[in-house]
Amino acid sequence: MILIMRYLFYILLFIPIISYSQADQLRAVIIVGDQQDGTLNAIEDMENIHTFFKSKNVIVKTFYHPKTSWKDIVKASKNASFFVYSGHGMSWPDGKYGGLDLNKAISSEDIVNDLKLTPNAIVVFKSVCGGAGSSANDDGDIGIKKAIERVSDYSKPFLNIGASAYYADNFDEGCLSFLNNFFEGKTIKECFGNSIGWLAKFEIEKNYKFDKRKSIGMASSDWGGTVTKTSYINGVKSVREVPATKDYNIAYVANPSYSISILKSK
């Protein structure tokens, strides 16, 4: 009898400890949409981010093309702290940008209606056309006004459902470098500044028009010479060698003081 009571006491103590540990872990969803002949490379890049998250004890769920069911992503994203997407950008007939290119086109309205991230979550876009401002379909410098408009369009639905931050980067290791800084405890403003480095230059930081408590920051690059631009329109690949112009390739939207400590305080 005494042995049984001791055993039950041990179980009652031990089970809550496990449950608390699991509940306390951050969660991430990583998505790679169809990028035609670039899909495998995109998955390799996202696997580096996956490995990084695991090293930080983050619970990760991946959705790589062709297994990118929106229904499954919505289910896995419930209470996720990180929502990371790499894929084609979405431009709509009204000229607005926003949404995700998965097995089907996901609109900003779908995100608002279906997605349930944890409060204070951060959304990260890696090499998404328009996500940081510029797109492979652009003919020349689109100007800072249009770049801000695109980033605002992309970020708005996520922030409307309770996410606290949006970050987009078109450089190969940009998002991984950003996350490394973020987990070191730097604010998103500091992470943004570090991301610029020698590859880009600061463009602007101003109030975010949909929420004055937040800022929108943009950075660009203009290296001269020529560049090869690859784009896909309705699945048709186009490759062009064009004169290099200014590209807007790093952006964030958040309260500048947003950090991982705020994310964890959900």
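Above: the structure in question.
First things first, this report covers the structure right here in the doc. Fair warning: this is a prediction, and the values are worked out from it, not measured in the lab. (Residues numbered from 1 in each chain as written. Predicted model: local features only at pLDDT ≥ 70, side-chain atom pairs only at ≥ 80, totals over all residues. Heavy atoms only, no water.)

## Looking at the packing of aromatic side chains
We count it as follows: Aromatic pairs are defined between Phe, Tyr and Trp rings, using the six-membered ring for Trp, whenever the two ring centres lie within 6.5 Å; interplanar angles under 30 degrees are classed as stacked, those over 60 as edge-to-face, and all others as tilted. Note on conventions: DSSP H or I runs of at least 4 residues are helices, E runs of at least 2 residues are strands, and numbering of each starts at the N terminus. Buried residues are those whose accessible area, probed at 1.4 Å on protein chains only, stays under 20% of the maximum for their type, while exposed residues exceed 50% and partly exposed ones sit between those limits. In this scheme, the term charge over a ring applies when either NZ of a lysine or CZ of an arginine sits within 6 Å of the ring centre and within 35 degrees of the ring normal.
Inspection of every chain in the model, using the stated rule, returns 19 aromatic pairs. With centroids separated by 6.3 Å and ring planes inclined at 65 degrees, the aromatic side chains of Phe53 and Phe183 adopt a geometry described as edge-to-face. Linking Phe53 in helix α2 (residues 39-55) with Phe183 in helix α6 (residues 174-183), this pair joins segments that are 130 residues apart in sequence. Like Phe53, the residue Phe183 is buried in the burial classification. Ring pairs connect the aromatic residues Phe52, Phe53, Phe82, Tyr167, Phe178, Phe182, Phe183 and Tyr258, which therefore count as one cluster. If you follow Lys156 out to its NZ or CZ, it ends over the ring of Phe210, 4.2 Å from the centre.

## Regarding the packing of α6 against helix α7 (residues 188-196)
Keep this limit in mind: Axes here mean lines fitted to C-alpha atoms, for a helix over just the part in contact, with angles spanning 0 to 180 degrees between N-to-C directions. In this scheme, a crossing is called left-handed if the near helix is turned counterclockwise away from the far one by less than a right angle; it is called right-handed if the turn is clockwise. Residues are treated as being in contact if the distance between any of their heavy atoms lies within 4.5 Å. Each residue receives one of three labels: charged for Asp, Glu, Lys and Arg, nonpolar for Ala, Val, Leu, Ile, Met, Phe, Trp, Tyr, Cys and Pro, and polar for the others, Gly being one of them.
Where α6 meets α7, the closest approach of the two axes is 9 Å, and the angle between their N-to-C directions is 140 degrees. For the pair α6 and α7, the crossing hand works out as right-handed. Every residue of α7 that contacts α6 at Phe178, Asn181 and Phe182 is listed here: Ile188, Cys191, Asn194 and Ser195. In the contact of α6 with α7, the residues fall into 4 nonpolar, 3 polar and no charged.

## Examining the sheet that holds strand β12 (residues 247-254)
Here is the rule: Two strands are counted as paired when DSSP detects at least two bridges linking them.
Pairing within the open sheet is mixed, and its 8 strands lie in the order β2-β1-β3-β6-β7-β12-β9-β8. Where the open sheet ends on each side, the last strands, each with one partner, are β2 (59-64) and β8 (201-208). Geometrically, the sheet is characterised by an average inter-axis angle of 15 degrees between neighbouring strands, direction not taken into account. Of the pairings in the sheet, the one linking strand β1 (residues 27-32) to strand β3 (residues 82-86) comprises 5 bridges and is parallel in character. Looking at β3, one finds that Ala28 is bridged to Phe82. Across the sheet, α6 lies against β3, β6 (122-126) and β7 (165-169), angled at about 140 degrees from β7, the strand it touches most.

## Focus: the pairing of β12
Within a regular beta strand, the side chains point alternately toward one face of the sheet and then the other, so they alternate between its two faces. Counting buried positions over the 8 residues of β12 gives 7, a clear majority of the element. Here β7 pairs with β12 via 5 bridges, running antiparallel. Counted as the bridge partner of Ala165 is Ala254 from β12. Here strand β9 (residues 211-221) pairs with β12 via 7 bridges, running antiparallel. Bridge pairing in β12 places Ile216 opposite Val253.

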